[in-house]
Each structure stands twice: as structure tokens, then as C-alpha cells.
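Structural overview
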Amino acid sequence: MNPIPSILLSISFGGLLLAGTIAYADMPVLEAQETARLLALLLDSGREVVKRNQELIDNPRKGHKGFTPDEFERQLVEEFHRRSDIDLANNSSTALSTNTRKLLNVLVQAGKAVVSDAQAVINQRGVGYKNFVPATFGSQAAWRFSAKSEVRLKQTTLNPRNVKNQPDAYEEQVLRSLIGRSDRSAISDVVDNGGALRLLTPIYYSKDCLQCHGQPVGELDISGYPKEGALEGDLAGAISVRIPLREK
Amino acid sequence: MGAEAMMTIRILIIAAALVSQGCGLIIDAVQFIRPMAADELESICARKTLHAGIAAEPLRPFVFPAIFTDEGLRITGLDVDLVREISRALSERCGVSVNVIVHLVHFPSLFVELSEQKIDLFVSAVASNVPSPTRAGFAYSIPYFYGGGLAIITQRPEIADRIRERVRAGPDHANHLAAQKAALYDFLIAVQKGSGSHRYAEAQLHMDRVVLCDSLPAAFESEDPSIDIILGKLPVLQHMVSRVRKNWQLVTFEGGKPFLLTSENYSVVMAEENYRLRWFVNDVLFELEQSGRLAKMRRRWLEDDYAYPRRAAAEGLSFAPDNMPRQHDQGTCRAATAR
């Protein structure tokens, strides 16, 4: 065995044992943590853009809606800028690492591809509800992003409508800890003996969400699923990010 | 053997060779026109793909509007279920998994795509008993839905009353169907372009009172021209007025019997010359009917209470965005006699 990597490996794991937040990787834990936070924020920004355009998307009297992939990107970049103070349209404006910027860009492209695919459905005239909502956008964008990177991005909740969003053991534990917690910040941990960083950013129900997820509990919503009986501000779920820290 | 006999044998051999070459040419020519490598069933098995056409215009509950789900674009409805059943049976028949590629196209284009062999079959509540020259060259499976027919809906109760009264009081009351047709004489009637109702109007109604609409939603929203009644498929209209357009009503006689102008059965449409595929689809439908599954499927889509987006998410067929009109528009309505 080449001794140099062995030494590095032992130093890294030593650090992990001491600090609990350092692992052997190209991307240091702090950078991974920030990247995960920003990815979750970007996905949530995409969800917000879809939510903001919901009335337009579901307008049965309008054919071409103008909610094109480019328009989505423009609004996404703007929303993300507002939330993070990072302008993705300007490459030199922030001190993002190359890896982070690259991953954020992959997610922007994934979101655009989802909006592009949905054009045929969005632009149907004569059809109101089209099921193109923040949740379905988020699922598809996260799936496409995960397929194009080593980072796994997912929407999850304790009682998901889609079984693919079922939480794993770690996610379930974190989701339970988030219930009733007043602090709305993300939770992150280094797991798998320093092999990965996991981060969950909580999502809370806003007034708009309650049309489908609110009360009365059990009543079928427009898409045919029983309403969860949620109240404004309740925990809806989380955006889960898993970034591998170890070189392959 | 003498030289003369040898010469005869040589001539015979050369002649045989020439004849067999000629046969080859004939076979080559036939293969060029229609490849003999496989019939249409073998061809589907070889490519492991069934190209199925479905109308982009919703014909609820047979075809619901395409929607977006966690898994991408999906389409659902009774006809979509049938396509899945046919592909499942094909997978068994072929011994390999046969995938479905859904072609979501405007209703009149389904016939064009089938003529151009872009699709193997299509299912969109098509009545198999509509006489029309535009339906030449197409063939139909055994029905998967019985008891359809052309019915009438209106938004104005007084129109329904007037139709009933005219049928009752008309001079043709003994000839019930003639009385029904006569009762419609001064109404502006909307029909969907290319559909059975359009063919009926061409053959049986005065076209100066007919309005051609690109889709059923277009007919519902037509203001200019403002239509009096919509002529369409009974189960589709029943679904629409009971669940979606509750401000419209089905025109019925006393006792609730629908005002029907025809009787229709719905079938899968295939190319006339695709005999093997037609036998195969007939067998699939026959087995579904015999097992009771087809009746269950019909009940599930026509009678149960449900929201189609959930069914689309759970069991709908996926399709590629390129296989749907980029900007599906319900279209408009215009006078049938307009140029």
C-alpha cells in the first residue's frame, strides 16, 4: 500500500473522532454542509416558484402560459438570490467553491428539464388542475439531480403520499425530532463513519398548502388523496441531502 | 449418355436456375413492398414495443387529461387500462417484456398515424359502428364497451323541455327516432370534429345548424357561436355533467331514459390488414370479458367515486413529452358550413 494515503486516512479519521465533523474527502465537511444547505435551499426555491405560479399553471382558460424553462430559471435564480444572497447568474459574485457551484448548476438544469417536460401539460387549455405542484416538481427535480451527481436529494415526510418519499431510519429520527421544535434551521450530521454528510431542511405548511393538506382530515383533496389535517406552520416534511465525503 | 442428352440436361439446369432466380426476384419485390420477416405481431415482439395511440383530447372517463406526477407525465382512464392489458398479454405471447410507447395525439390524427403505421393500434372510445368513408381502411376489435350512443346535453333546462315536448307532440311520434331528429331542427348543435357525432351530423342533420368544435372542452366554452346543445358520447357526457360541468344536463325522457340518436359500441382500432393483431386483441378482450375483469374495469372507471390524478400517479401510463402536442389546445368552435 502506498503509505501516503494511509497516513492521510488515519489523520482524517483521527480528526473525525476528535471533532466529529471532519472526514477524508475532497470536499471538507464544512463545505459539504454548506453545499447541502444551499442545495436544499435551491430545491425549496424551485418549489416556491412553482407555488407562486400555481394559479397561472392551473388556469384552464389560458393555453400558452409563458412559464417556460427559461422563465422558471429566471424566477428561480431571483428567489434563491433573495433567500441566500448568492447570485447564480453571476459567476464571480460569490466565493462558492467550484464543486458547490457545479452542483447548484446541475440542480438548476434539473429543475429546468422538469419544467421543460411539463410544458405539454402546463400549456393545456381547457384543463384546470394538472398536478404540477411544488411536491411533484420537487420529486422530479430531486430525482433528476440525484441521477446526475453523487449527491442524493430527496423530499421526505413521516406519512408520504408517494412511497418513494418514505424516510429511511436516519430521516425518520430527524423528522420526529423536528416536530414541535421552534428552531427552523437545518439539521446535519456526519454519518457512516465519516463516509457521508446528511442534512435535513424542514418544510412547513403555508396557507396555500392547506387546500390539499389541511382540514378536515381524511377528506379527499383535488388529487384524490385524503387530507392530512395539517395547520399552517405544522411540519410538512423535509428536504434531505446526502453528500458522500469519502473518495471512491 | 449421348451429347444430345447432355445438352438437354444442361438446358434444363440453366432454365431451372433462371426460373429460381426469377422466383427470387419476385420474392424480393414482395418483400420490398411488405417485409415478410414477420407479421405485425412478430414485428411487435421483435421490437419489444407496442406503439399505442390515445386521444390528446380528454374523453373522460375513457381518457383523462394528461397530468404531471412524482414520476413525470402520466395518462390514465379505462382506455389506458386496456392498452396496459394488451401490452401485458403481448409480453406473455412474445416471451419478452413488451413496453408501451404512448402517442398522445389529437383525435383525427389517430387515424392518420395508424394509416402511416406510426402506431400499431389506438383506443379512444371509438365507436366501431360509425359508417363513414373516412373510416375506410380501419378495422375494429370486438367491443370493450357496450351501450354507448349519441346523446345530448344542454345548459338550458328550457331546451331540454322543448325537445321532450316536440317529441311527444310531433307528427312523427310513432316513428320515435324520426321524431327525435325532427325535434332538433332549429337548435345550434355542437359536435367534435372527426368524431362519431361529426359523422352522424354529416349524414343525418342539416349542417347549417351544426357547429364543429376541436374538442369537447371547446364546445363547453363556446360563446361565439353560442351553442344550444352538444351532441356526443353518452358515457362521456354523463361523466361530464355529473362530475365536471354540473351546470349542464343530459337531455332525457320522463323516467330518466337518455335521449339517444344512435347505439354505439367502443372498440380498439387497428389497420384493416392486420388480421393477426386483430385476432390477438379480440382474444385479449374476450378473455377479459369472460373472466369478469372487463366489467370490473368498466365499473371502476364509470361508476366508482375517485379522483383521476391519484390513479394517474399510482397506475397511469407514462409517456415522453415528445409524444404529445407541445402545446395542446382545446381549440375552438366554428360553423360547419364556414370556409
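Because the structure is predicted, anything quoted here is derived from the model rather than measured.

**Considerations on the overall build of chain A**
Each helix and strand in chain A was counted, giving eight helices and four strands. Scanning chain A from its N terminus toward the C terminus, one meets helices and strands in the order α-α-α-α-α-α-β-α-β-β-α-β. Counting across all 248 residues of chain A, residues that qualify as buried make up 39%. For chain A, long-range pairs separated by at least 24 residues make up 66% of all intrachain contacts whose partners lie at least 6 apart in sequence.

**Here we look at the overall build of chain B**
Assigned secondary structure in chain B consists of 12 helices and 15 strands. Within chain B, the proportion of its 339 residues that are buried is 41%. If you take every contact in chain B between residues at least 6 apart in sequence, the share linking residues at least 24 apart comes to 75%.

**Things to note about the packing of helix H2 (residues 29-52) of chain A against helix H5 (residues 98-122) of chain A**
All names here are of chain A. Look at H2 against H5: their axes get within 10 Å of each other, and the N-to-C directions meet at 20 degrees. One finds that H2 runs roughly parallel with respect to H5. Seen from above, H2 lies across H5 with right-handed handedness. Two secondary-structure elements touch here, H2 through Glu 31, Glu 34, Thr 35, Leu 38, Leu 39, Leu 42, Leu 43 and Gly 46 and H5 through Asn 99, Thr 100, Leu 103, Leu 104, Leu 107 and Gly 111. Here the contact of H2 with H5 is composed, by residue class, of seven nonpolar, five polar and two charged.

**So, the sheet that holds strand E12 (residues 249-250) of chain B**
Two pairing modes exist for strands in a sheet, parallel and antiparallel, and in both the strands are linked by backbone hydrogen bonds. All names here are of chain B. Read across the open sheet, the six strands follow the order E12-E8-E11-E9-E10-E15; overall the sheet is mixed. Since the sheet does not close on itself, it has two edges, and those belong to E12 and strand E15 (333-335), each with one partner. Bridge count between strand E9 (residues 189-192) and strand E10 (residues 210-213): four bridges; the pairing is parallel. Note on E10: the bridge partner recorded for Gln 192 is Cys 213. Helix H9 (residues 234-244) contacts strand E8 (150-154), strand E11 (229-233) and E12 of the sheet and is inclined by roughly 120 degrees relative to E11.

**A few points about the interface of chain A and chain B**
With 26 residues of chain A in contact, the opposing surface of chain B contributes 23 residues. Elements with a contribution of two residues or more to the side of chain A that touches chain B: H5 and helix H6 (134-147) of chain A. Broken down by element, the side of chain A that touches chain B gets its largest block of residues, five residues, from H5 of chain A. Considering only residue class, the side of chain A that touches chain B consists of nine nonpolar, 13 polar and four charged.

**Brief notes about the confidence of the model for chain A**
Per-residue pLDDT for chain A averages 87, and the proportion of residues at 70 or more is 88%. For the stretch residues 1-25 of chain A, pLDDT sits under 50, and the model shows 26 contacts to residues farther than four places along the chain or on other chains.

**Remarks on the sheet that holds strand E14 (residues 317-318) of chain B**
Residues and elements named next belong to chain B. If you walk across this open sheet you meet the three strands as E2-E3-E14, and the pairing is antiparallel. Single-partner strands in this sheet number two, and they are strand E2 (67-69) and E14. Sheet topology places E2 next to strand E3 (residues 72-75); three bridges connect them, and they run antiparallel. From the neighbouring strand, Ile 67 faces E3, where its bridge partner is Arg 74.

**Let's talk about the environment of Ser 124 of chain B**
Residue and element names in this part refer to chain B. Along the chain, Ser 124 falls in strand E5 (residues 121-127). With 23 C-beta atoms counted inside 10 Å, the residue Ser 124 sits in the buried group. Ser 124 sits 45 residues away from Asp 79 along the chain, and the two C-alpha atoms are 6.2 Å apart. If we skip the residues at most four places from it in the chain, Ser 124 touches Ile 54, Ala 55, Leu 59, Phe 62, Val 63, Asp 79, Phe 107 and Leu 110.

**A closer look at the confidence of the model for chain B**
All names here are of chain B. Summarising the model, chain B shows a mean pLDDT of 87, and 86% of its residues fall at 70 or more. Per-residue pLDDT stays below 50 along residues 22-37; that stretch engages in two contacts with residues further than four places along the chain or on separate chains. With a pTM of 0.82, the predicted complex shows an ipTM of 0.81.

**Concerning unusual backbone geometry**
With omega at 0 degrees, the peptide bond leading from Gln 215 of chain A into Pro 216 of chain A counts as cis. In this chain, Arg 60 of chain B is followed by Pro 61 of chain B through a cis amide linkage whose omega measures 0 degrees. Position of Pro 61 of chain B among the secondary structure elements: in the loop between strand E1 (49-55) and E2. The residue Asp 85 of chain A is not glycine, and still its phi comes out positive at about 70 degrees. Position of Asp 85 of chain A relative to the elements: it lies in the loop between helix H4 (69-84) and H5. In this model, Asn 193 of chain A sits at a positive phi of 55 degrees, which is unusual for a non-glycine residue. Here Asn 193 of chain A shows up in the loop between strand E2 (187-191) and strand E3 (196-204). Residue Asn 193 of chain A is classed as exposed on the basis of its 12 C-beta neighbours within 10 Å.

**Considering the nonpolar core**
Counting residues in hydrophobic clusters, the biggest one holds 145 residues, and the most contacted among them are Leu 39 of chain A together with Ala 52, Ile 54, Ile 75, Leu 121, Ile 189 and Ala 190 of chain B. Examining the composition of this core, we find that 11 residues originate from one element, H5 of chain A, more than from any other. Structurally, this core is a two-domain feature, drawing no fewer than three residues from each of domain 1 (40-146 + 265-323) and domain 2 (150-262) of chain B.

**Quick notes on the domain arrangement of chain B**
Residue and element names in this part refer to chain B. Partitioning chain B into structural domains gives domain 1 (40-146 + 265-323) and domain 2 (150-262). Distance from the C-alpha centre of domain 1 to the C-alpha centre of domain 2: 27 Å. Counting residues at the interface gives 12 residues for domain 1, matched by 12 residues for domain 2. Elements with a contribution of two residues or more to the side of domain 1 that touches domain 2: helix H4 (107-115) and E5.

**Digging into the environment of Leu 110 of chain B**
Residue and element names in this part refer to chain B. With respect to the helices and strands, Leu 110 occurs in helix H4. Through-space distance from the C-alpha of Leu 110 to that of Ile 54 is 7.4 Å; in sequence the pair is 56 residues apart. Apart from residues no more than four positions distant in its own chain, Leu 110 is found in contact with Gly 53, Ala 55, Val 105, Phe 122 and Ser 124.

**Things to note about the packing of H4 of chain A against H5 of chain A**
Residue and element names in this part refer to chain A. Closest axis-to-axis distance for the H4/H5 pair is 8 Å, and the angle between their directions is 140 degrees. Classified by the angle between their axes, H4 and H5 sit oblique to one another. Every pair of crossing elements has a handedness; the one defined by H4 and H5 is right-handed. On H5, the residues that touch Pro 69, Phe 72, Glu 73 and Leu 76 of H4 are Val 108, Gly 111, Lys 112, Val 115 and Ser 116.

How each quantity is defined
- Residues numbered from 1 in each chain as written.
- Chains lettered and ligands numbered in written order.
- Predicted model: local features only at pLDDT ≥ 70, side-chain atom pairs only at ≥ 80, totals over all residues.
- Helix = DSSP H or I, 4+ residues; strand = E, 2+ residues; numbered from the N terminus.
- Buried ≥ 20, exposed ≤ 12 C-beta atoms within 10 Å, placed from the backbone.
- Contact = placed C-beta atoms within 7 Å.
- Axes fitted to C-alpha atoms, helices over the stretch in contact; angles between N-to-C directions.
- Parallel < 35°, antiparallel > 145°, perpendicular 65-115°, else oblique.
- Left-handed = near helix turned anticlockwise from the far one by under 90°.
- Nonpolar A, V, L, I, M, F, W, Y, C, P; charged D, E, K, R; others polar.
- Pairing = 2+ DSSP bridges.
- pLDDT = per-residue confidence, 0-100.
- Core = buried A, V, L, I, M, F, W, Y, C linked by C-beta atoms within 7 Å.
- Domains from an automatic or database assignment.

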